[in-house]
Amino acid sequence: MTTIHRSLRTLALTALPLAAAACATDPAEPADLVFVNGVVWTGATDGASAEAVAVRGNEIVAVGNSVEIEALAGDGTRRIDLDGRLLTPGMVDTHTHFLSGGFQLSSVDLRDAATPEEFARRIGAFAQTVPPGSWITGGDWDHERWGGELPERAWIDDLTPEHPVLVVRLDGHMALANTLAMELAGLDENGRTPDPAGGTIVRGPSGEAEGVLKDTAMDLVARAIPAASEVELDGALEAAARHALSLGVTMVHDMADWESLETYRRAQAAGRLPIRVYSAVQLPGWERLRDYVAREGRGDDRLRWGALKAMVDGSLGSTTAWFYEPYSDEPGTSGLLTSDTASMRGWIEGADAAGLHVLIHAIGDQANDWLLDVFESTAERNGDRDRRFRIEHAQHLGGEAIGRFGPLGVIASMQPYHAADDGRWAEKRIGPERIRTTYAFRALLDAGAVVAFGSDWTVAPIDPIAGFDAAVTRRTLDGANPEGWVPEQRITLEETLRAYTTAGAYATFMEDRLGTVEPGKLADLVVFSRNLLEMDPERLRDSRVDLTVVDGRVVFEREGSER
């Protein structure tokens, strides 16, 4: 058994000693903040719970019953009556594109555009609100909402003659460019620009470029977009953090780049980083991060780095996820590789040998199998250590793959909302058999894997409650699966909470500081509008976050929620 697997088993078996928790502080020093008369889900695996919590400074100092905790209050203590509401550890979202999310909050929103006409109308209307020459980006469109027809630049060219457009499909693996954007980027509209490695330029019957670009082909236009200023980046961070905190997310893992890390460091230096961040940069060129860590360390409890992100394949929605068998609805392809496998293997081995944290996107069954093989051989090559390899998405798994995560100590970093979204149309892509182990939450947990949840925002909403509903009920967004899509893969609400808290902390190497409600842990807490544990699971979507605490400070409070 490897070191990582021993650590993983320790995580699964540890329970909180609540009987002693209430006495873990000096009563002569009053608490700054106390919560009483509620239901405290501590994260203890033995099912232990409490009804009150005391916070001093940035740490939890006591957990117990309301009488014990009330005794720790003083004249300056803020007392919050939970009145039966649920309090949990703060939510850790293990997969976001966080600054992109901040920019998206002020960009055109195409997520629920249900017809080509509505898609085009929204882009045209947005163009009227920004100066000529401004790029229109964001979007998060989903062509499955109008039957699966891919958009074309002809739909929007007349509406955007003075605005270059590059709007991305919600999975981030396909985008639509208008003719002006293609011209600025130097792409030939007649389709003569060759496909880049790992990408596709979608062409019409006569060979012309229709405007849709898949995976690395998106970079051909994206490189023409002017870089955001520091002021714009800082504003995106502020907007993203405000939104996430209002939904109970107290830490995010950002799958981004050096520019994002520099933005976070700038905010932290100015005392303006309101949310915890684990900032990943891109795996190619991993040597730069190795040298950066040697010079700067790995950060602190508020901002950490040392992680590297890359992609093996594309996505299911864009028919670019890498499968063994062809797509059922597009039999001419079984997906694609977004990086050369020999290069990817070398990057993983080198980064791991340098002690860095490797997080790799894999969606298709062949992509996941290939990556598990590389992780296994890399661990054998580089020797035993607590490396915590992660597969981001781990979306479509063969039966043998499910049983490999636990023994290899590979974390399945998954996004439950995708099951509710993709479940509307996934079967037409890959057929009835392959969907049985799609988003295999139940099977992975039963096989001993650590499953850590996130959102993939802006691909999906960052709201954890939407993720709770998807994991527990597996209802699809179209209402067509009221009993759950592939219902045997449903999990319980407590298992879901653990995936958003204790497993999220573990996936950050911060389980000693975050992820449970116990004395000595950092005071990142969430209060929900009701006791979710006693709710009908079908009504989870009706609940809200009333209050969010980071480092012992109330950073969000819903108006009218104080009791």
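Scroll up to find the structure this text is about.
Treat the numbers as computed from the prediction; the structure is a model and nothing was measured.

A. View of unusual backbone geometry. With an omega dihedral of 15°, the bond running from Trp457 to Thr458 counts as a cis peptide bond. Examined against the element boundaries, Thr458 turns out to sit in the loop between strand 21 (451-453) and helix 18 (464-473). The residue Asp215 is not glycine, and still its phi comes out positive at about 50°. Residue classification places Asp215 among the buried positions, given a relative accessible area of 4%. Although it is not a glycine, Arg474 sits at a positive phi angle of roughly 55°.

B. Quick look at the sheet that holds strand 11 (residues 166-169). Strand order across the open sheet formed by 6 strands is 9-10-11-12-14-13, with mixed pairing between neighbours. Of all strands in the sheet, those bounded by a partner on one side alone are strand 9 (108-109) and strand 13 (199-203). Here 2 bridges tie strand 9 to strand 10 (residues 138-141), and the two strands are oriented parallel to one another. Opposite Val108, over in strand 10, you have Gly138 as the bridge partner.

C. A look at the side chain of Gln104. Tracing the backbone through its elements, the reader meets Gln104 in helix 4 (residues 98-104). For Gln104, a relative accessible area of 12% translates into the label buried. Apart from residues lying up to four places away in sequence, Gln104 is in contact with Asp109, Gly138, Gly139, Asp140 and Thr458.

D. How the structure looks around helix 12 (residues 365-382). In a regular helix each residue adds 1.5 Å, so 18 residues correspond to 26 Å; helix 12 covers 26 Å between its end C-alpha atoms and thus fits that length. For helix 12, the complete set of buried residues consists of Asp365, Gln366, Ala367, Asn368, Asp369, Trp370, Leu371, Leu372, Val374, Phe375 and Thr378. One or two residues past the end of helix 12 sits Gly383, with phi positive at roughly 95°.

E. Focus on helix 10 (residues 286-296). For helix 10, the complete set of buried residues consists of Trp286, Leu289, Tyr292 and Val293. When helix 10 is viewed along its axis, its buried side chains cluster within an angular range of 115° and face the same direction. Within helix 10, the exposed residues directed more than 90 degrees away from the buried face are Ala294 and Arg295. Its buried side turned inward, helix 10 meets helix 9 (258-269), strand 16 (276-282), strand 17 (303-311) and helix 11 (341-353).

Thresholds applied
- Think of each chain on its own: its residues are numbered from 1, step by step along the sequence as written.
- The predicted nature of this model means local features are confined to residues of pLDDT at least 70 and side-chain atom pairs, given and counted, to a pLDDT of 80 or more, with totals for whole chains, interfaces and linings taken over all residues.
- Here the side-chain values reflect all heavy atoms present in the structure, with hydrogen atoms and water set aside.
- Going along the chain from the N terminus, every DSSP run of H or I of four or more residues is numbered as a helix, and every run of E of two or more is numbered as a strand.
- Only protein chains enter the calculation, and the probe is 1.4 Å; a residue is then buried if its accessible area is under 20% of its type maximum, exposed if over 50%, and partly exposed in between.
- Here a strand pair is declared whenever DSSP counts at least two bridges between the two strands.
- Residues count as neighbours in contact if any of their non-hydrogen atoms are within 4.5 Å of one another.
- In this analysis, the expected span of each helix is defined as 1.5 Å times one less than the number of residues it contains.
- Here, the arc refers to the directions that run from the helix axis to the C-beta atoms.

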